[in-house]
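# Inside the fold
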Amino acid sequence: MKRNRMVVAAALAVFAVTATIALQANDDHSSNPVQFRFQPNSLVLSRSVYAGDANTVAPGQTLPPGCVAGNVTVPLIAGGSNQVAVTCGAAIDNGEYPNLEDSHNVWNNDGPDASFGVTSPIFLDNIDAKGKLIGTLAVPSDQLVTSFSSKSELAVNLASDGKSITLVGYHGGPGFLTAPNQLDVSNSNTPGVIDPTNPATSNYYRSVAEVDANGRITVTDGNAYSGNNGRAAFKFAPYYYLVGNNNNGGLSKTQLTKTQVGVNLVTSTGAELLIPEQTAPVPPGINMIGDFEVTQVGYTTADKPGKDNNFRGLTIFNNTMYVTKGSGGNGINTVYQVGNAGVLPTPTDAKTAPITILPGFPTTLASGVAQDGTAGHAVMFPFGIFFANANTLYVCDEGDGGLVAPRVSNGQTNVADDSELATAGLQKWTLQVGTWHLVYTLQDGLDIGVPYSIFDYPASLNPATGGCRNLTGRVNRDGTVNLYAITSTISSNGDQGADPNRLVTVTDRLNALSLPASNSNGWGHFTTLRTAQAGEVLRGISLAPAR
């Protein structure tokens, strides 16, 4: 426990210093000459540091906080009501981050509580192309926090005008604290979409933070993604475009469409549109963009409403919105186009915008079932996406996260399964005669499945890289592209999203149609720029905003 207190104290000390910088940057009248500014031609790395201690969670306490087990009566739109069961869990460990002093691990609580998470502060590191730290901006924790261990959060995207970046976090609704060390916030209700069947009873907005080149922060609250998390936001003036998921309650497939709360959930997930600095919209005014159903591509049975739209990755290229789905047991893990090519959805046409799978990308269900009904097919796990040009698309595949018994592969201990070793990493797709084709997958240097050690961290929990998540890039005049990605992990930790992960970079040749040879002057080989420390996670990467 002593060691854990030292880690937390150090993290809070860093937070105190950088939070002061952030507040000064928001004060136009500050007389302090030291003001945070993102440097030109640099990068922004989002991360979080666990701020909890042993007292953050008490063994035996009810989880999620405020959960009441039993049946909830939910009115039906047509009259009458249904009974829906709500179940709770109990903490089996305290709030200590994994440490060398004892066997406590706060992430063990993810077992009895599927909603488990702990809010933590957000840091934006300004780094150069080699990963060297230029400066750090802390997002004040009374404005916005993230959920530690929620691996799909804190994507960072550069606005279309290049003058700001955006990210999504949590801002407390009336009566709920915006601060570190709040439990199960990532599965809470939003204040405008309350699901009485959700065991996580707290209320938090899914809010967009926009940060300009001088570190000034503007937060816009949203009511979408009740019961789950917002993943990413992209500003294309005058709107924010978002992706995420919702619904942590117990409403059945049928009940979702026959209850008002169910309808509210179904129509406030997936791709969303939010107007900067406006009051958080409430149903039916939440601007969900389109709706994808697996029946659109030939499957006869629709999934649970809303779950086909469990989107994570997001980019806008050539005035067109693209998203990915790579998690959950429903829907199709693949890459989608949202709206018509060259035309971004607006509040007037968002609901009718088409969502289509890019030609050539997988159409197999996340369960491995193909359109012909056969099972056992390979499944993709796409996350971040980056268009180098109209005909070249890079896709981060994070892998399935499957941990297998240690075995020797290429002379090294490896804990990844065969599927992950074959497909995870940075995929290169090219558009040929109207259809996208997978050209190759960059893996060299990622060391997929090879455990690595973290200073002052239990060796039994050593993580291995599983693939990559968020992604950005820069195209060069010499025909190469520099790509930067955040890694996913595999481990025996109670929640792999809490593992210390890495920022990596690789250079590729745009016109290459095959993997480079080992003597290719460094291109095609990943190098590690930053490795998270114990108690830290890396989340998003973007080019920095300019003034």
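So, here's what we can say about the structure. (Residues numbered from 1 in each chain as written. Predicted model: local features only at pLDDT ≥ 70, side-chain atom pairs only at ≥ 80, totals over all residues. Heavy atoms only, no water.)

### Here's the deal with the overall build of the protein chain
Test applied: A run of DSSP states H or I qualifies as a helix once it reaches four residues; a run of E qualifies as a strand once it reaches two. Both are numbered from the N-terminal end. As a reference, a globule follows 2.2 Å times the number of residues to the power 0.38, and the radius of gyration itself is taken over C-alpha atoms. We call a residue buried when its accessible area falls under 20% of the maximum for its residue type, exposed when it is over 50%, and partly exposed in between, using a 1.4 Å probe and counting protein chains only. Whether two residues touch is decided by their heavy atoms; if any such pair falls within 4.5 Å, the residues are in contact. Here the Shrake-Rupley method, with its probe set to 1.4 Å, supplies the accessible areas, and only the displayed protein chains count as covering residues. Here Asp and Glu are counted as negative and Lys and Arg as positive; His is not counted, and neither are the chain ends. Charged groups are reduced to one reference atom each: NZ for lysine, CZ for arginine, CG for aspartic acid, CD for glutamic acid.
For the protein chain, the count of helices and strands is four helices and 32 strands. Here the C-alpha radius of gyration of the protein chain, 22 Å, is about what a compact globule of 547 residues would show, namely 24 Å. For the protein chain, the spread of C-alpha atoms along the three principal axes comes to 70 × 60 × 55 Å. Taking all 547 residues of the protein chain together, 59% fall into the buried category. Considering only contacts in the protein chain between residues 6 or more positions apart, those separated by 24 or more positions represent 66%. Split by element, the accessible area of the protein chain, about 20,400 Å² in all, is 52% carbon and sulfur. Side-chain charges in the protein chain split into 30 positive and 41 negative, and the spacing between the mean points of these groups amounts to 5 Å.

### Focus: the layout of surface pockets
Our working rule: Cavity and pocket criteria rest on a 1 Å grid covering protein atoms alone: a 1.4 Å probe that fits but cannot get out defines a cavity, protein on both sides within 12 Å along at least 5 of 7 lines defines an open pocket, and an atom within 4 Å of a point defines a lining residue. Grid points are joined across faces, edges and corners, and a volume is the space filled by probe spheres set on the points. By the convention adopted, Pro, Cys, Tyr, Trp, Phe, Met, Ile, Leu, Val and Ala count as nonpolar, Lys, Arg, Asp and Glu as charged, and the other residues, Gly among them, as polar.
Of the volumes computed, that of the largest pocket is approximately 680 Å³. Lining the largest pocket we find 34 residues, and of these Ser149, Lys151, Ser152, Arg231 and Ser327 sit closest to its centre. Partitioning the lining of the largest pocket into residue classes produces three nonpolar, 22 polar and nine charged. Approximately 500 Å³ is the volume attributed to the second largest pocket.

### Looking at unusual backbone geometry
A cis amide bond, omega 5°, links Ala237 with the succeeding residue Pro238. The omega torsion of the bond from Pro283 to Pro284 falls at 5°, within 30 degrees of zero and hence cis. Unusually for a residue other than glycine, Glu277 sits at a positive phi of about 65°. Topologically, Glu277 is positioned in the loop between β16 (270-274) and β17 (287-288). The exposure class assigned to Glu277 is exposed, which follows from its relative accessible area of 64%. With a phi close to 50°, Val433 is a non-glycine residue in the positive phi region. Note on Val433: relative accessible area 86%, which makes it exposed.

### Remarks on empty space enclosed by the protein
Here the structure, examined in full by the defined rule, presents one cavity of 30 Å³ or more. Approximately 70 Å³ is the volume attributed to the largest cavity. In terms of lining, the largest cavity is formed by Arg206, Gly222, Asn223, Ala224, Tyr225, Leu242, Glu272, Leu273, Leu274, Pro281, Ile286 and Asn287. Of the residues in the lining of the largest cavity, the class split is seven nonpolar, three polar and two charged.

### Focus on the packing of aromatic side chains
Test applied: In this scheme Phe, Tyr and Trp rings, the latter by its six-membered ring, pair at centre separations within 6.5 Å, and the angle between planes marks the pair as stacked below 30 degrees, edge-to-face above 60, and tilted otherwise. For a lysine, the NZ atom is tested; for an arginine, the CZ atom; a charge sits over a ring if that atom is within 6 Å of the ring centre and within 35 degrees of the ring normal.
Going through the model one piece at a time under the given rule, you end up with 17 aromatic pairs. Consider the rings of Trp107 and Phe116, whose centres lie 6.0 Å apart with planes at 70°: the pair is edge-to-face. Each of the two residues, Trp107 as well as Phe116, counts as buried. Feature note: the residues Tyr50, Tyr97, Trp107, Phe116, Phe148 and Tyr457 constitute an aromatic cluster, connected by ring pairs. Arg502 extends its terminal NZ or CZ atom over the ring of Tyr452, reaching a point 3.7 Å from the ring centre.

### Some details on the pattern of salt bridges
Any two side chains of opposite charge can pair, given that their charged atoms come close. Which entries qualify depends on this criterion: Put simply, a salt bridge is a Lys or Arg side-chain nitrogen that is within 4 Å of an Asp or Glu carboxyl oxygen.
As enumerated under the stated definition, the model contains nine salt bridges in all. Here Glu536 makes a salt bridge to Arg47, at a shortest N to O gap of 3.1 Å. One end of the pair, Glu536, is in strand β32 (residues 536-543); the other, Arg47, is in strand β1 (residues 43-49), with 489 residues separating them in the sequence. Accessibility classification places Glu536 together with Arg47 in one group, the buried group. Note that Asp508 is salt-bridged to Lys428, the shortest N-O span being 3.1 Å.

### Comments concerning the state of the cysteines
Where we set the bar: Two cysteine sulfurs form a disulfide in these notes if their separation is within 2.5 Å.
Within this structure, the stated rule accounts for two disulfides. In this model, Cys67 is linked to Cys88 through a disulfide, with the two sulfur atoms separated by 2.0 Å. Looking along the S-S bond of the Cys67-Cys88 disulfide, the torsion reads about -85°, which is the left-handed sense. Of the two residues, Cys67 sits in the loop between β2 (62-63) and β3 (70-75) while Cys88 sits in the loop between β4 (81-86) and β5 (89-90), which places them 21 residues apart along the sequence.

### What to know about the side chain of Thr259
Spelled out, the test is: Side-chain atoms alone can form a polar contact between residues adjacent in sequence; in general such a contact is a pair of N or O atoms within 3.5 Å, and within protein one must be able to donate a hydrogen while the other accepts it.
One can find Thr259 in the loop between α2 (253-258) and α3 (260-266). Of note is the side chain of Thr259, whose polar atom sits 2.8 Å from the backbone oxygen of Gln255. Non-local contacts of Thr259, meaning those with residues more than four positions away in its chain, are made with Val74, Pro75, Leu76, Ile77 and Leu251.

### Some points on the sheet that holds strand β20 (residues 334-338)
To keep it simple, the criterion reads: In this analysis, strands are considered paired if DSSP registers two or more bridges between them. Note on geometry: axes are lines fitted to C-alpha atoms, helical ones only across the stretch in contact, with angles between N-to-C directions running from 0 to 180 degrees.
As summarised here, the arrangement of the four strands in space is β18-β19-β20-β21, forming an open sheet in which the pairing is antiparallel. Of all strands in the sheet, those bounded by a partner on one side alone are β18 (314-317) and β21 (355-357). Strand after strand, the sheet turns through a mean of 30° between neighbouring axes, direction not considered.

### Section: the environment of Asn287
Among the secondary structure elements, Asn287 is positioned in strand β17. Along the sequence, Asn287 and Glu272 sit 15 residues apart, while their C-alpha atoms lie 5.7 Å from each other.

### Things to note about the pairing of strand β25 (residues 412-416)
When a strand is regular, its side chains alternate between the sheet's two faces. Direction of pairing for strand β24 (residues 403-409) relative to β25: antiparallel, over a ladder of four bridges. The residue bridging Leu403 from the neighbouring strand is Ala416, located in β25. Connecting β24 to the antiparallel partner β25 that follows it, the hairpin turn spans two residues, and Asn410 within it adopts a positive phi of roughly 55°.

### Things to note about the pairing of strand β22 (residues 382-389)
For β22, the tally of buried residues reaches seven of eight residues, placing the bulk of the element in the interior. Note that β22 and strand β23 (residues 392-397) share five bridges and pair antiparallel. Paired with Pro382 across the strands is Asp397, a residue of β23. Taking the residues that link successive antiparallel strands as the turn, the β22-β23 hairpin has two residues.

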